[in-house]
Amino acid sequence: MDIVLGIFVLAGIVAAVMAFLDSGLPWRGGPPPGEAGIRAAVPTFRVVALGLPGSGKTLLLASMYNELQTPSRQSYYLSAAEGDVARLTGWFAQMADTTRADQWPRGTFTSETRHFSFGVRARAGDTVHEVLRLDLLEYAGELLTDAAETDSGRRTELFDQVRSAHALLGIIDGGRIRRHLDGDPQGWTELHRTLNILVPHLIGASCPVSFVVTKWDLLAHLHQDENTRLALVRDLLMSNEHFRTLVRLHSDRRVVRLIPVSAVGPGFASVDASGHVVKNRSAQARPAYVDVPLSAVVPDLFDQAEMGLDATLRAALREEARHHLWRAPLERLRTAAMLTFQTSGRALLHALGSPAAAVAGDVLMGMFLDSRAMITGLGRPGAGAQAGEAERRIDEFVRVRRQVLQDMRAKPAMLEGRLPSSRLPER
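Please read these numbers as outputs of a predicted model, since none were measured by experiment.

*Asks:* Honestly, the packing of aromatic side chains in this entry has me stumped. Any pointers?
*Replies:* Here the distance between the centres and the angle between the planes together describe a pair of aromatic rings. Counted under the stated rule, the structure contains six aromatic pairs. Taken together, a centroid distance of 6.4 Å and an interplanar angle of 65° make the contact between W104 and F268 edge-to-face. Placement of the pair is W104 in the loop between α4 (82-96) and β3 (113-124) and F268 in the loop between β7 (256-260) and β8 (269-271), with a sequence separation of 164 residues. Assessed through its relative accessible area of 22%, W104 is described here as partly exposed. Centre to centre, the rings of F116 and F118 are 6.0 Å apart; their planes meet at 5°, and the pair counts as stacked. Using a relative accessible area of 0% as the deciding quantity, one classes F116 as buried. Taken together, the ring pairs connect Y65, W91, F116 and F118 into an aromatic cluster.

Quick look at the structure:
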């Protein structure tokens, strides 16, 4: 119902704007022509992060925002509410402060659920466009482990959020991996307990899953070659029967990643004689790979949907993408909406799964076609001098969106190129 409603809403917007353009009348007041269509094309994707207490979810969030709050390494950046910005930057500042060697930001309280809504924005000239939104939910690890929470409404809420997510992040504590590899028997027990708790929540998911290994810097001693190091960690995780089963069941038709991240970077912290992680006084924070988990959400969702189609349907969508960006801007919106009624379009929306129902089908279709056309390197020249204001604005927005999608895809692609073991199973 939501998808069909979205189709008719945007189709009506497109028809109204095109009728106005044909009339030749001047625009008088209100948002510029095309503004309504642009606002309608900003979807929200939901991400749920699951991890046991002490696994590093808070540090990952703080470091991820620090890396993506400006467009220094990509065309896009994250915006957030003022209160959330204050929290995230405060956590990062506390984490990066080496004058207090043993002080780290606190984790999530048992009764606490952290919700962050990030706008993914990019600039074109003097205009800032919000291309999409990423809603991230972080639940207290105790919610997964405390027997007293078994019948709580909060646990029911968690399960509902997992089922409706567009992407799931399973947080694995690299510190537990290190303790096991250093010969601590408790490390092995803790690692298997982590996997045995996480996997049942993730195995029934229809969306892409990323297992995020935190505190990657603490595992630098395993091997000087980083991919060999990750392969060792992958093999250790695959020794757990439940983890191995999830990868086997999901890898044919699902995207499953293994992403190593360090919120602080190499050489920032070390493990003291008592087993505590302490900061090195002369070190500086240089986070590693923390921008990958969120950046991969939309590319992985589209890749997984395409994996679920047969060769004929994939070819039909690729052919549509070949023509898509050569159309006039308003025509792109209209054809994307109409494609949702065709066999290939309906199959794609079905392959995206039930979470796609929260995003208007025509918006997803337009983004998917942009991302596929971007892969082939095709694209129509910008709207010419004869185009109206509405067409120019929509053309600019679509071009910005396409660049954002390209830069998002580049993050996990770079990781896979550098660390082939990050894709499960390794291809």
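*Asks:* Explain the nonpolar core to me, please; I cannot follow it from the model alone.
*Replies:* One broad trend across soluble globular proteins is that nonpolar side chains are buried collectively. Ranked by internal contacts, the top residues of the largest apolar core, which has 104 residues, are F45, V48, F118, L132, L168, F211 and L294. When residues of this core are assigned to their parent elements, the largest contribution, seven residues, is made by helix α3 (residues 57-68). Setting aside its immediate chain neighbours within four residues, L294 contacts V47, M64, L78, F118, L134 and L136. In this structure, L325, L330, L333 and V398 belong to the second largest nonpolar core, which totals six residues.

*Asks:* I would appreciate a short explanation of the pairing of strand β6 (residues 209-213) in the present structure.
*Replies:* Two faces make up the sheet, and in a regular strand the side chains alternate between them. Judged by how many residues are buried, β6 sits mostly within the fold: five of five residues are covered. Of the two faces of β6, the one carrying V209, F211 and V213 and the one carrying S210 and V212 are both buried. As paired strands, strand β5 (residues 167-172) and β6 are joined by five bridges and run parallel to one another. Of the residues in β6, the one forming a bridge with L168 is V209. Bridge analysis of β6 against β7 gives five bridges, and the strand direction is parallel. The residue bridging F211 from the neighbouring strand is L258, located in β7.

*Asks:* What exactly am I supposed to notice about the side chain of D303 here?
*Replies:* Here D303 shows up in helix α12 (residues 297-307). Under the relative-accessibility criterion, D303 is labelled buried at 18%. Residue contacts for D303: discarding those within four places in its chain leaves R372 and R409.

*Asks:* Just to check I follow, could you spell out the side chain of T58 for this structure?
*Replies:* Structurally, T58 is set in helix α3. Polar contacts involving the side chain of T58 include one to the side chain of R114, which spans 2.5 Å.

*Asks:* So what exactly am I meant to see when it comes to the pairing of β3 here?
*Replies:* The sheet contact formed by strand β2 (residues 76-79) and β3 spans four bridges and is antiparallel. Directly across from Y76, in β3, lies its bridge partner A122. The pairing of β3 with strand β4 (residues 127-139) spans twelve bridges and is antiparallel. When the sheet's bridge partners are listed, H115 is paired in β4 with L137. If you look at the hairpin formed by β3 and β4, you'll find two residues sitting between the two strands, and G125 has a positive phi there, around 65°.

*Asks:* Quick question: what am I supposed to make of the sheet that holds β3 here?
*Replies:* Remark on secondary structure: sheet strands pair via backbone hydrogen bonds, oriented parallel or antiparallel. A sheet is described by the order of its strands in space; here seven strands give the open sequence β2-β3-β4-β1-β5-β6-β7, paired in mixed fashion. On the outer flanks of this sheet lie β2 and β7, each paired with one strand and no other. Pairs of neighbouring strands in the sheet enclose a mean axial angle of 25°, with direction left out of account. In this sheet, β5 lies alongside strand β1 (residues 44-51) in parallel orientation, the contact comprising five bridges. The partner of G51 across the bridge, within β5, is I171. Packed onto the sheet, helix α8 (residues 185-202) meets β1, β5 and β6 and runs at close to 170° relative to β5.

What counts as what
- Residues numbered from 1 in each chain as written.
- Predicted model: local features only at pLDDT ≥ 70, side-chain atom pairs only at ≥ 80, totals over all residues.
- Heavy atoms only, no water.
- Phe/Tyr/Trp six-rings, centres within 6.5 Å; stacked < 30°, edge-to-face > 60°.
- Helix = DSSP H or I, 4+ residues; strand = E, 2+ residues; numbered from the N terminus.
- Buried < 20%, exposed > 50% of the residue type's maximum accessible area, 1.4 Å probe, protein only.
- Core = buried A, V, L, I, M, F, W, Y, C linked by side-chain atoms within 4.5 Å.
- Contact = heavy atoms within 4.5 Å.
- Pairing = 2+ DSSP bridges.
- Polar contact = N/O pair within 3.5 Å; in protein donor to acceptor, adjacent residues only side chain to side chain.
- Axes fitted to C-alpha atoms, helices over the stretch in contact; angles between N-to-C directions.

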